[in-house]
Structures are given as C-alpha cells and as structure tokens.
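Examination of the molecular architecture
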Protein chains: 2
Amino acid sequence: MKVKDVAREAGVAVGTVSRVLNDHPAVTRELRERVEKAMAHLGYEVDVTAQSMRAGRSRLVACAIRDFDIPRFALFIKEAEAVLREAGYTLLLASTTNRPDVEIALLRAFRRRRVDGVMMTLSDEQHLDVREALSEALMPVLLIDRDRIEALDRVTADHREGARLATSHLLDLGHRRIAMLVGDLNAFPSRSRLEGFRAAHAAAGIAPDPRLLRDDVLSSEDAYRATASLMSLAERPTALFVAAMDMLGGCLRALRTMGVAVGDGISVVAGSDSDLAELHTPPITAIAWDLAAMGRHAATMLLERMRGDEIERGRGLTVPTQLIIRGSSRPFAS
Amino acid sequence: MKVKDVAREAGVAVGTVSRVLNDHPAVTRELRERVEKAMAHLGYEVDVTAQSMRAGRSRLVACAIRDFDIPRFALFIKEAEAVLREAGYTLLLASTTNRPDVEIALLRAFRRRRVDGVMMTLSDEQHLDVREALSEALMPVLLIDRDRIEALDRVTADHREGARLATSHLLDLGHRRIAMLVGDLNAFPSRSRLEGFRAAHAAAGIAPDPRLLRDDVLSSEDAYRATASLMSLAERPTALFVAAMDMLGGCLRALRTMGVAVGDGISVVAGSDSDLAELHTPPITAIAWDLAAMGRHAATMLLERMRGDEIERGRGLTVPTQLIIRGSSRPFAS
DNA sequence: ACCCTTTGGTGAACCGGTTCATTGACTCCC
DNA sequence: GGGAGTCAATGAACCGGTTCACCAAAGGGT
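What you see is a predicted model, and the numbers here were worked out from it, not measured in a lab. (Residues numbered from 1 in each chain as written. Chains lettered and ligands numbered in written order. Predicted model: local features only at pLDDT ≥ 70, side-chain atom pairs only at ≥ 80, totals over all residues. Heavy atoms only, no water.)

**Observations concerning the overall build of chain A**
The test is simple: Under the DSSP-based scheme used, a helix requires at least four consecutive residues in state H or I and a strand at least two consecutive residues in state E, with every element numbered from the N terminus. We take the radius of gyration over the C-alpha atoms and set the globule estimate at 2.2 Å times the residue count to the 0.38 power. The rule is simple: take the accessible area with a 1.4 Å probe, protein chains only, and divide by the maximum for that residue type; under 20% is buried, over 50% is exposed, in between is partly exposed. Contacts are residue-level and defined by heavy atoms, with any inter-residue pair within 4.5 Å sufficient. Using the Shrake-Rupley algorithm and a 1.4 Å probe, accessible areas are obtained, with residue cover drawn only from the displayed protein chains. For the purpose of charge, His is not counted, nor are the chain termini; Lys and Arg are scored as positive and Asp and Glu as negative. In plain terms, the charge of a residue is placed at NZ if it is Lys, CZ if Arg, CG if Asp and CD if Glu.
If you tally the helices and strands in chain A, you get 13 helices and 12 strands. Here the C-alpha atoms of chain A give a radius of gyration of 26 Å, more than 25% beyond the 20 Å that 2.2 N^0.38 yields for 334 residues. In chain A, which comprises 334 residues, the proportion classed as buried is 55%. Long-range contacts, defined here as pairs at least 24 residues apart, represent 71% of the contacts in chain A between residues at least 6 apart. Counting only carbon and sulfur atoms, one obtains 50% of the accessible surface of chain A, whose full area is about 14300 Å². Across chain A, the 45 positively charged side chains and the 46 negatively charged ones have centroids separated by 2 Å.

Written out as structure tokens, the structure is:
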C-alpha cells in the first residue's frame, strides 16, 4: 500500500498523489477528488518515516528533563505537548537523571533521529562537554528554566525574585536564623534562589549564617535528611525556606518526626506551591508561578525557531513568581 | 556524511560499513577497525530515519495516557521509559484527554510513524470505534490499567480489592452512610472500585445509598463540587471515600470551606496515597499500589511482545493494592 | 497563423541506510 | 590435484515517499 498503488488505482502519476497529500495547489479539483477517492478506497496512509527520510526532518520535538516525577513539571509538558501537537509535531520524551553524560547521549540520539527541535533542562550550564554537544546539535535547542548559554532560547521563572520575596517576608517577621534548602547550584533555579536569598539579607543588612544553607537537595529523602540535620544543630534555625521544587514533603516529614510544630516551632516557606502546601495545617506559605504558561511559551518559541523565522539568537522569556503568604510563616518571638 | 563516505574513506564497500554498524559477525577485525576509524575520523553518525525506513520499524514506543498532570502517573512513565531506553527504544508521549476520537487519531498517527508498540489508557474499553481502531493497529498495544479487551496485554492494579478493603474498613468502624467519588465508570479503575465498594456492602448485608455515589469525578474541581454537594445533603454521609486518583485536594478544600473537620465531622479515605494524604492533619487513610512496578512491567511485557516471542494473547498482570490506615478514618459515633 | 506564457501532470532520481545474491579466496579432504 | 564447503566482502536493488526537470495542452497577444 503505497503512493504507487494509489496512483495506479486513480490512474495518475505518483507525483500527483504526492501533490494531493501535500495540498499542492497545482492539482485540478477533479484529479484531487479521484486521488482522494482512491486513497479512501484502498485505506491508504502515508508513511511518515519515508517522508522524514526525504525531507530530512521528522516532525518530532524532544523534551528532556531531569526527572519526570516532579509532579509540577507534568503541567509544563502537558501544555507544551498540546501546542506542539496542534502544529503537527509529536513529542519525544526522555529523562536526563540530571547527568551530563546522559544529556550528551540524548542530544546525539535526538540528532540521529533527525529531531526537529529540543527543549531540555541541563544539570550544569557551564559543563564544557555539554556546551560542545549543544553547539554541535544542528537543531534548535530551547532551555527549560536554565540560562547562561547565550546562543540558546530559554524560558525561565523568576526564582530570584521569588526567593527574595520569601526571604524578605521572613526577615520582616523578625527571623534572623533562616535555613535554606536548595538543589544543584550549578543550575539556574537554585543559583537564582540563592541570589534572591542573599539579596534579601543584604538589603536588610544581615549576614546569613552559612551553616544554615543546604544545597544539592534533589529528592524528598535529601530534604528529609537536610531538615533533620538542621534541626539537630545546637543553634537551630527559626525559619526554614524549602526552596527546591517539590521537596516540601520530606521536610515536613522530618519536622513531624522530630516533633517540631510548623508555624510555632519553626516558620516554613515552600519554594513551589502544591496541594500539600495549601491544605497542610497550618497552610504553608509558598512561591507560585505558572508552569503551564512556561510550557506553552517554550513550545511556541521553539516552533518559531524551527520555522526558521529570522529572530535574534538567545531569546529569553521569564514568567513572574509570587509569594502566597499563609499560616506557616509567623513572627519570630524570641 | 553517509555510509558511502565512510566506505570510501575506509576503502570498503557500503555493505561492509553497514555490517560494522550492526555488529554483524562476518567482518574481519582488521576491516572493522578500519571502518571504525573512518567513522570516528569523519564524525559519522547513522541516520535512524533511514534505518527505520528500510527496517519497517522505528524503535519508537508510544505512550498515551489520559492526562499527564496526574502526578503519580509520572512514576509509571519514568520507570517505563528507563526500561525501554535500556532496550534501545525511545518513548513517544501523548495525552488522550480521555476522548475516544483523540485515542483513535493517535493510534493512526502512531501507525503512520511506524511505531513499534503502544501503551495506553482508554476512555471507554467498550467504545466500538476505538475497538476497531485497536484491531487495525498493526502493532502491539498494551493497556494501562484497563481490561475487557481480550486480545491485548494489560497491566492493572487491583482497584477492586483496594476499594473493598477501604469500604470494609469504614463499615467496620460503624459507618453506614458512606459516600463515594469515582471517575469514569466506562473505564476499568472506577468500575472496579465501584465493584469493590458494592462487594463490601453486600458482605456486610448493607445496601449503599445511591444518592451518595458521585461518578465522573475527573478533576480536582469536580471533586470539590461533588464533595460540596454531598455535604449539602439533608442526610449527610458520615464517611467519604475519594476513590478517584489524585482528587483528594479538591475534596479537602471543599470540606475546609464548609467547615467540616476531617476525622471528627467526617471520615475520609483516599483512593491513592500521596504526600498530601500522609502529611495532612489528621493523616488520611489511603489505598496504595506500586505504579513504578506497573511501569516496569508494562515496558517489559511490551518488549516481549515486540520481539515477537511466542506468547499467548491478552496476558494480564495485576499489582496488589493495600490499605494504609491513618487518622482520618474513625469510628462512627452516632 | 504564429509565438509565448501559463498551468497541470509526469516519472526518474533521490533521501541514507540494509539486504542478499554473487564472487573470490581459502581450507579441507579424498 | 580437484571438488566441496566455508567465509568475507561486494554492490545493486530496495524501503516509500518528494522533488523537479520536462512535456503537453490551453490561453493570450499581435
């Protein structure tokens, strides 16, 4: 079942069938109808593989993120997929497990598949091998919540401002020993959160205690351990900013285990909002931003780039963050 | 940059290069090394599209689920992807939005892409057009948490037993007016949960009040509305079984809005476990099962089927469910 | 009546691999 | 010494579309 068969059935040339398939204008209505009837009659369906082969593009867009089971990322993917599907693209999914070697291997695999565009996170924007792989990618790449690679488009959230707001909020409440849990400082989100944290302290003329900073918190178990270790310090923090995404669960679990009451014993601010933050007792103050919008923008920007529109290189789009103040952050009573 | 170029550089025939690429045994070590050196020297990379074209298979596996932003499904996908990648396959992702027409369109799109295998959910296993599309799919299809299509492999969770346990638990506590929120009864999970719910009632010799059943609860907003409407009844339920996946948030939000205390005012059991259920005050009794294992099994079974192993049609694998009893389910005090 | 342009249609070449019938060289054994 | 058998290597054909140089017919202008 191929164009040849359809052509024979309709009594036309293969080129004409191809024209009909691709809505080429130079086909008379009569022939178009005959061809369409033949296709319907034979139950013909184009072979996208063959099309890709000739065209050199696959109508595939790859999305590689560090770990799917970050619930809120699903929103991003969902919206991106919807936009891409609308435009005739199919989404390829992979997880990098936040490892540079996997990121490089995936870029190569995508190129072998003639993927038309890629959106991805990076474990470390400065990693030389990754930067080299990106520059040899041959297809447009858009960074998800990463920056520092000037030539590439990116969609980010304003984590710096979110962290600054959260930290100022705690400082305003009188807290002076604020602990912070962040992820990998080699990547944009945690780096900017730390900047915001420091900026807020600087603005208040207060020096943060470096012993209260825990980075590399990448899983809920990490958050559990980090919280437990912080609460075992001789001089405990009075407030805890769980800035890494989706780490609130581990943190709350640790506080519960250690018998520390959220709100009274320690103020808590979450770096990303969730049902858990909203419905906890007390409800948890949290930073929120629109991941669905990020997904839509990412897909749209990548589509523009893939169309080859004449656009300046390295466009960046930043979605704002906001602080939702709830009952878990309370004035510090000495 | 193609096999031809590599062949010229190495001074061999294209067929030999292809043999090297595919680890064909009939190549002398000397030639293999010459070819490999030539490939490295030219920076050659195979074109997977061309391979697919000739081979008639794409090394792509599609996964279509009703909605990605069900956080727990991410676990399934993550594990499935890991298994498939290990085996040299790439995962294609799509969401069906739980609509039969989208399901059919996706199956067609997958076939056009020569996808090697599909794992998917269905909005309604009995839908005739979908069944026809499935039978014409030409590639192995595995159902995710769906049954009733005898010819297809499937991986399910034992929702019936989970719901039976949860309901018996509530009945044992003395509850007689148990409300239930489920999703689409045309699909396996909700159907089985309802069966389990009824089986538990039957075993206890109690007839459930049909006015306390709310089906088609598919979003957190649905759950909010359903809970609000249940709590507005003249004869309120004394227990609430939120059996649909990831609907607990909406339900708790409604109870909070209406000033009903979980545990005291109403006992609550969640159909799937989560950080929210575990860390809520009081913690919520919930049904748990291993979605990661489901993902692994799904990928493994599909791989076997794609290898064309001689296996009986329509294998089913069921992962067990368990009830985690927490503080939200309490004895009914009249 | 003649030439020029426009329009619709044709089919061979091409995309970049894999496959397989064929060839040539070498070994083995009677 | 010669026939059978084994093994590497070769390269043309093929997978199923799209493209484009080319052609025929129709239309337009003088």
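Alright, that's what it looks like, and here's the rest.
**Description of the protein's contact with DNA strand D**
Our working rule: Throughout, near means a residue has at least one heavy atom within 4 Å of the molecule or strand. Any pair of nitrogen or oxygen atoms within 3.5 Å is treated as a polar contact; in protein, a donor-acceptor pairing is required on top of that, and neighbouring residues in sequence qualify only through side-chain atoms on both sides. In the scheme used here, Gly and all other residues not listed as nonpolar or charged are polar, with Ala, Val, Leu, Ile, Met, Phe, Trp, Tyr, Cys and Pro taken as nonpolar and Asp, Glu, Lys and Arg as charged.
Not every one of the 27 residues close to DNA strand D is listed here, only the nearest: Ser 18, Tyr 44 and Gln 51 of chain A together with Thr 16 and Thr 28 of chain B. Counting only the atoms of DNA strand D within 4 Å of the protein, the fraction contributed by sugar and phosphate is 61%. With respect to DNA strand D, the side chain of Thr 16 of chain B contributes an N or O atom lying 2.4 Å from a phosphate oxygen. The side chain of Arg 19 of chain B places a nitrogen or oxygen atom 3.1 Å from a base nitrogen of DNA strand D. Looking at the surface near DNA strand D, the elements with two or more residues in it are helix H2 (14–21) and helix H4 (48–55) of chain A together with helix H2 (14–21) and helix H4 (48–55) of chain B. When grouped by side-chain class, the residues that make up the surface near DNA strand D number 13 nonpolar, 7 polar and 7 charged.

**Looking at the interface of chain A and chain B**
Spelled out, the test is: Take the accessible area each of two parts loses on contact, using a 1.4 Å probe, and add the two losses: that sum is the buried area. Should a side-chain nitrogen of Lys or Arg be within 4 Å of a carboxyl oxygen of Asp or Glu, the pair is scored as a salt bridge. Strand pairing is assigned whenever DSSP detects at least two bridges linking the two strands.
At the interface, 45 residues of chain A touch 44 residues of chain B. Carbon and sulfur atoms make up 53% of the area that chain A and chain B hide from each other, which totals about 4300 Å². The interface formed by chain A and chain B includes 10 salt bridges. At the boundary of chain A with chain B, the tally comes to 26 residue pairs in polar contact (both at pLDDT 80 or more). Residue assignment for the side of chain A that touches chain B shows that the elements contributing at least two residues are H4, helix H5 (71–86), strand E2 (90–95), helix H6 (100–112), helix H11 (248–257) and helix H12 (275–279) of chain A. Per-element accounting of the side of chain A that touches chain B gives the leading share, 7 residues, to H5 of chain A. Residue composition of the side of chain A that touches chain B, by class: 20 nonpolar, 8 polar and 17 charged. Direction of pairing for E2 of chain A relative to strand E2 (residues 90–95) of chain B: antiparallel, over a ladder of 3 bridges. Looking at the pairing, Leu 92 of chain A lines up with Leu 92 of chain B of E2 of chain B.

**Description of the sheet that holds strand E6 (residues 178–181) of chain A**
Residue and element names in this part refer to chain A. Selection rule: All axes are obtained by fitting lines to C-alpha atoms, using only the stretch in contact for helices, and the reported angles, taken between N-to-C directions, cover 0 to 180 degrees.
Across the sheet, which stays open at both edges, the 6 strands sit in the order E7-E6-E8-E9-E10-E12 with mixed pairing between neighbours. For this open sheet the edge positions go to strand E7 (213–214) and strand E12 (321–324), each flanked by a neighbour on one side alone. Relative to strand E9 (residues 267–270), strand E8 (residues 239–242) runs parallel, the two sharing 4 bridges. Counted as the bridge partner of Val 242 is Ala 270 from E9. Packing of helix H8 (residues 159–172) onto the sheet brings it into contact with E6, E8, E9, strand E10 (285–289) and E12, and relative to E12 it is tilted by some 25 degrees.

**Details of the nonpolar core**
Keep this limit in mind: The definition of a nonpolar core used throughout is a set of buried Ala, Val, Leu, Ile, Met, Phe, Trp, Tyr and Cys residues joined through side-chain atoms within 4.5 Å.
With 94 residues, the main nonpolar core has Phe 76, Met 119 and Phe 241 of chain A together with Phe 76, Met 119 and Phe 241 of chain B as its most contacted residues. In terms of nonpolar packing, the next biggest core, distinct from the first, is built from 52 residues, Leu 181 and Ala 277 of chain A together with Met 231 and Leu 252 of chain B among them.

**Things to note about the relation of the copies chain A and chain B**
Applying a rotation about an axis and a shift along it to one chain copy brings it onto the other copy. What counts, and what does not: Here the copies are matched by least squares. The fit uses the C-alpha atoms of residues with pLDDT of at least 70 in both.
Overlay of chain A on chain B (RMSD 0.0 Å): rotation 180 degrees, translation along the axis 0.0 Å. These values place the two chain copies in the arrangement generated by a two-fold rotation axis.

**Comments concerning the packing of helix H1 (residues 3–10) of chain A against H2 of chain A**
Residues and elements named next belong to chain A. So the rule is basically this: Each angle receives one of four descriptions, namely roughly parallel if under 35 degrees, roughly antiparallel if over 145, roughly perpendicular if within 65 to 115, and oblique otherwise.
At a minimum axis distance of 8 Å, the contact between H1 and H2 shows a crossing angle of 105 degrees. What the angle tells us is that H1 and H2 run roughly perpendicular. Listed contacts from H2 to Val 3, Lys 4, Val 6 and Ala 7 of H1 are Val 14, Val 17 and Leu 21. When the residues that make up the contact of H1 with H2 are grouped by side-chain class, the tally is 6 nonpolar, no polar and 1 charged.

Keep in mind these numbers describe shape, not what the thing actually does.
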